[in-house]
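Overview (structure and organization)
Residue-level listing of the chains:
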Amino acid sequence: MCGISFAYRSDLESKRLHLLMNRSISSLAHRGPDGSGQTGAAPWAMGNRRLSIIDLPGSAQPLSDSSGRYHLTYNGELYNYKELKRQLADHWDFRTEGDTEVVLAGLVVLGVAFLRLMEGMWALALWDSHEQEVLLVRDRMGKRPLYYQTDQSHFACASELPALRHLSWFAWQEDPRSTVDYLRYGYYLPGTTAYRSVREVLPGHWLRWSPGRGPRQRAYWHLQPGGFRGTHRQACDKLRTAMVDSVRHRLVADVEVGALLSGGVDSSLVVSIATQLLGRDLKTFSMGFDEPTYDERPHARRMARHCRTDHFDDCLTLAGIQGQIENVLAWTGQPFADGSTLPTFAVCGLAAGYVKVALSGDGGDELFGGYQRYLARALLRWYTRLPNVIRGGARKLICSFPEPGVHHSASLLKKAHLFLDIADRQVNEWPYVAPTCYALNDLQALVPDIWRMGHPPPGIPETTAMTDLERMMTADAVVYLPQDILAKVDRAGMAHSLEVRAPFLDRRVVELAFSLPGRWHRTGLTGKHMLFDSFRSLLPEWTWRRPKHGFGIPVHRWFRSGLQERLALLLEQTLHPLNGKMVRQMMAEHLSGRRDHGQRLWQLFIYLLWRADRSWQIS
């Protein structure tokens, strides 16, 4: 992996432009500690920080073609670069052994049509000095980030928001529409950021910009649900082949490759394919908590013994995360409400002490129907048909008991409270975009002056043939996966110069999974039937029987152990649009033990922390 930056600044001389570029790429040093470079002459410059994974001594960046017309800065891994290199050999005199030059050659020779041939993860900027045009591209699923800002005569882009700030020509201001999105979902919608006029290249898109013209963004790939022609058995055969090939490709590196292992189905399957089917010796890594219901280390250790990996784990405590909370903003450059960023950061730090590349199980839930919310949606259809008196009685009974402060997998009462919360929010979640954090009336009460704002939902594929389950899975793959899961893993991994690869997000696997009928993925109370039917004999039975857990954190306890005091102080001392009375009421209910508002309080805490940090929020 790498960190990239590009700028076209017609208002700056070369010396000043290169100074800003140096600051930008220096802020990306964690993404690429193995090398640094920049090129260009006013009005343009590009830079790169390199994490060497393939062709360690070569492939320095930025990379230019022999004519000096084209210049590339690239952050990614092209898994099929050797095959593509052979196809391009008659049209290009290759000077390096890595994938970077293959990307440059392909884009120069074939243009954006080359994107359809690429398999991997990437974000890149290609400058054409003859046409005075920059091309930005982001991978299909949005694994690698790329942000930009533009007007008619200036343009800048970078891998991370803090790096982009160094290249900016205007003060950044909070976008209230994005604030509503953040409070609604816990993250920002595709293409947007927390800031006005600062955008994100969409997954599966390319973007062109040249002086005097606005940016032109087009999709080169998108999800196409449905359309599989074949039997269930044929689908299982195709899935086994695609997954094994995907893991094999992601094991290719000139450095050691390990794996993040939770003990759940997805990460266990990736590790089992690598060790049992492909015969690789792996180091595996997991992170747990000192609260048993949130601690997955016993499951991970059991799977590690089964796969005979060299396993390492550690325990994350409240004291251990206190000093890391501010780093959430440093990693993301904007509010990000997923508290599991902290244990993800910790496990990536643990892994980075031994390897430079780690496989993960990310994407398995979105592709194969693993989330509990899919079950909740099915139960809601039954629940809403009950007479009002029965529903009211059930609600009154459940709410008469305090909400347990444990992981939902360990408490039926906790599940019941969560179900009622989902029932309250279901009107806001249809048509489904992503799980919401508040019912509409609660959002209105929380931010009464701006609650009607927000960006329109992104372009989620719509076909009349899709079932509710298929619509939810597709939306999660287009919104929740890139904006939450992949953003979290990218920042956490890159903070430690660790490249994380996700075999489930291979194009063949993704396209196959979404071509299948939803009923093949999930029936009754359980999901991931395609994985079970395809790989049942590869994993032990206890892995398949284990309830869905997820990388949850005991944030409920953190706001009863001192963090609530920091939140209260921020609420009083920071200028913000929140209804302070409502936030204090949530804190009181949480401290009393009647309700578990831990996740919502964490979301508000991160937002207020960002508002209080004037280096990020300039108004």
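Structure: see above.
Structural notes, computed from the coordinates. The numbers attached to residues start from 1 for each chain and follow its sequence in the written order. Local features are withheld for residues below a pLDDT of 70 in this predicted model, meaning they are given only at 70 or higher, and side-chain atom pairs are given and counted only at 80 or more; totals for whole chains, interfaces and linings count all residues. Where side-chain values are given, they derive from all heavy atoms of the structure, hydrogens and water being excluded.

Moving on, we get to the pairing of strand S14 (residues 283–289). Exposure categories follow from relative accessible area, calculated using a 1.4 Å probe and restricted to protein chains: below 20% of the type maximum is buried, above 50% is exposed, and the middle band is partly exposed. Strands are runs of DSSP state E lasting at least 2 residues, helices are runs of H or I lasting at least 4, and numbering of each runs from the N terminus. The buried count for S14 comes to 7 of 7 residues, which makes it a mostly enclosed element. Regarding topology, helix H7 (residues 265–277) serves as the crossover connection from strand S13 (residues 257–260) to the parallel S14, and that connection is right-handed. As judged from the 7 bridges shared by S14 and strand S15 (residues 310–316), these two strands associate in the parallel manner. Residue pairing in the sheet places Lys 283 in a bridge with Asp 310 of S15. Here is how to tell: hold the view so the strands point away, follow the path from the first strand over the helix to the second, and if it runs clockwise the crossover is right-handed. At least two bridges found by DSSP between two strands are what make those strands a pair.

For Lys 528, the position within the fold is in the loop between helix H19 (518–521) and helix H20 (529–535). Its relative accessible area of 10% is what places Lys 528 among the buried residues. Contact definition: two residues touch when any of their heavy atoms are within 4.5 Å. Excluding anything up to four places from it in sequence, Lys 528 contacts Val 265, Asp 266, Gly 364, Asp 365, Phe 368, Gly 369, Gly 370 and His 521.

Time to look at the sheet that holds S13. Spatial ordering of the open sheet is given by S15-S14-S13-S16-S17, a layout of 5 strands whose pairing is parallel. Single-partner strands in this sheet number two, and they are S15 and strand S17 (499–501). Direction aside, neighbouring strands of the sheet carry axes that sit 30° apart on average. Pairing of strand S16 (residues 357–359) with S17 involves 3 bridges; the strand directions are parallel. Its bridge partner being in S17, Ala 358 is matched across the sheet by Val 500. Contacts between helix H11 (residues 341–352) and the sheet are confined to S13, S14, S15 and S17, with S14 contributing the most and set at about 145° to the helix. Axis definition: a line fitted to C-alpha atoms, limited for helices to the stretch in contact. Angles are taken between N-to-C directions and run from 0 to 180 degrees.

For Val 103, the position within the fold is in helix H3 (residues 100–110). Once you skip the residues sitting within four places of it in the chain, Val 103 turns out to touch Leu 72, Tyr 74, Leu 78, Phe 114, Met 118 and Leu 124.

Moving on to the sheet that holds strand S12 (residues 216–219). Strand order across the open sheet formed by 6 strands is S4-S5-S6-S7-S11-S12, with antiparallel pairing between neighbours. One side of each edge strand has no neighbouring strand; the edge strands of this open sheet are strand S4 (63–64) and S12. Pairing geometry for strand S7 (residues 133–138) and strand S11 (residues 205–209), over 4 bridges, is antiparallel. Among the inter-strand pairings, Leu 135 is bridged to a residue of S11, identified as Arg 208.

The way it works is a 1 Å grid over only the protein atoms, where trapped points that fit a 1.4 Å probe form a cavity and open points with protein on both sides within 12 Å along at least five of seven lines form a pocket, and then any residue with an atom within 4 Å of a point lines it. Grid points are joined across faces, edges and corners, and a volume is the space filled by probe spheres set on the points. Taken as a whole and assessed by the stated rule, the structure comprises 5 cavities of 30 Å³ or more. Taken as a whole, the largest cavity spans an internal volume of roughly 160 Å³. Along the walls of the largest cavity sit 19 residues, with Tyr 147, Gln 334, Gln 483, Ala 487 and Arg 491 positioned nearest its centre. Tallying contributions element by element places helix H17 (residues 468–494) first for the lining of the largest cavity, with 6 residues. Broken down by class, the residue content of the lining of the largest cavity amounts to 9 nonpolar, 5 polar and 5 charged. Of the volumes computed, that of the second largest cavity is approximately 100 Å³. Arg 50, Leu 51, Gly 76, Asp 99 and Thr 100 are the residues nearest the centre of the second largest cavity, which is lined by 14 residues in total. Element by element, the count of residues in the lining of the second largest cavity is highest for strand S5 (residues 70–78), at 3 residues. Asp, Glu, Lys and Arg are counted as charged, while Ala, Val, Leu, Ile, Met, Phe, Trp, Tyr, Cys and Pro are counted as nonpolar; the rest, among them Gly, fall into the polar class.

This part is about the layout of surface pockets. Its boundaries defined by the atoms lining it, the second largest pocket holds a volume of some 440 Å³. Every residue lining the second largest pocket is counted, 25 residues in all, and those nearest its centre are Leu 202, Pro 203, His 205, Gly 459 and Val 478. Of all elements in the fold, only strand S10 (199–200) and H17 reach the threshold of two or more residues within the lining of the second largest pocket. Considering every element that reaches the lining of the second largest pocket, the biggest residue donor is H17, with 3 residues. Here the residues of the lining of the second largest pocket are counted per class, giving 15 nonpolar, 7 polar and 3 charged.

A word on H7. In terms of burial, H7 is a largely internal element, 11 of the 13 residues being buried. Turning to H7, its buried residues number three or more, namely Val 265, Asp 266, Ser 267, Ser 268, Leu 269, Val 270, Val 271, Ser 272, Ile 273, Ala 274 and Thr 275. Residue Gly 279 follows H7 closely and has a positive phi angle near 70°.

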